[in-house]
Amino acid sequence: MKLEAIFTIKNNNLIKIADNSTVDPSSLIKETISWSTIEMEDEIYNEEYLADLRNKLKAYDEQGNFAVLLPVVDKPLETAEQKELFINAFNHTARRIKDCVSVAGFIIPSEMLSDAAFIQDFMDTLAIKHPQYVYFVSKADSEKVSAQPVFDSLAVL
C-alpha cells in the first residue's frame, strides 16, 4: 500500500502539496525511536513495540496530526555492515507503519551527517516502498550538510 505524498521539500522548506503552503516543521510531533528498541539483535525486530508505535501513529491519523520520526543511534554505527543494519531496521519500521498517513518522514540523525552517501542510501532505501516521506535535518545540524548535494532534499527542523 503506497500512500500519496502530503508534503514535499522546496528550498529546504516543508511544503503541503494540497495548497502549496509552507508548513512550520515544529508543528510536527517528534517521535523518537531508539535503534536498539526496534532491533534487539541483528535483524531481530521488536514487533510488539512496532505494533504499539503503529497504534500511536494511527491515533494521530484520526486526530489529523502529523509526526516526524527521529531514529536514535544507540549502537555502533561505524562499519558498512552496521550502517546496513541501521538502514534495514528503519526500513522494517517503515514497513510496519506503512499505512499511517500521519508520518511525514524522518529526521536524519546527527551521526549520519558526515556521510552523504549513507544519508542517500537511507533515503533511497525507504523511498522504494515509501516515496511519500520527506526528510529533515535539525537546525543545529544543518550547517554540517549544507555543502552536500543531499542537503537540497532535506527540510530544516
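Analysis parameters
Residues numbered from 1 in each chain as written. Predicted model: local features only at pLDDT ≥ 70, side-chain atom pairs only at ≥ 80, totals over all residues. Heavy atoms only, no water. Helix = DSSP H or I, 4+ residues; strand = E, 2+ residues; numbered from the N terminus. Expected span 1.5 Å × (residues − 1). Buried < 20%, exposed > 50% of the residue type's maximum accessible area, 1.4 Å probe, protein only. Arc of directions from axis to C-beta. Contact = heavy atoms within 4.5 Å. Core = buried A, V, L, I, M, F, W, Y, C linked by side-chain atoms within 4.5 Å.

Visitor: Help me out: how do you make sense of helix 2 (residues 47-63) in this one?
Guide: With 17 residues, helix 2 extends 24 Å from end C-alpha to end C-alpha; this agrees with the ideal 24 Å at 1.5 Å per step. For helix 2, the set of buried residues is Leu 50, Leu 53, Leu 57 and Tyr 60. Around the axis of helix 2, the buried residues are gathered within 70° of arc, so they sit on the same side. In helix 2, those exposed residues whose orientation departs by more than 90 degrees from the buried face are Glu 48, Glu 62 and Gln 63. Considering only its buried residues, helix 2 is in contact with strand 4 (29-34), helix 1 (35-38), strand 6 (44-45), strand 7 (67-72), helix 3 (80-96) and strand 8 (103-107). Downstream of helix 2 by one or two residues, Gly 64 has phi in the positive range, about 80°.

Visitor: Is there a simple way to explain the nonpolar core in this structure?
Guide: Taken as a class, soluble globular proteins show a tendency for nonpolar side chains to be buried jointly. Formed by 34 residues in total, the largest nonpolar core has its most connected members in Leu 57, Phe 86, Phe 90, Ile 108, Phe 122 and Tyr 135. Contributions of two or more residues to this core are made by helix 1, helix 2, strand 7, helix 3, strand 8, helix 4 (116-129) and strand 9 (134-137). A total of six residues in this core trace back to one element, the largest contributor, which is helix 3. What Ile 108 contacts, discounting residues up to four positions off in sequence, is Leu 113, Ile 119, Phe 122, Met 123, Tyr 135, Phe 136 and Leu 154. With 13 residues, the next largest nonpolar core counts Leu 28, Leu 70, Ile 107 and Ala 155 among its residues.

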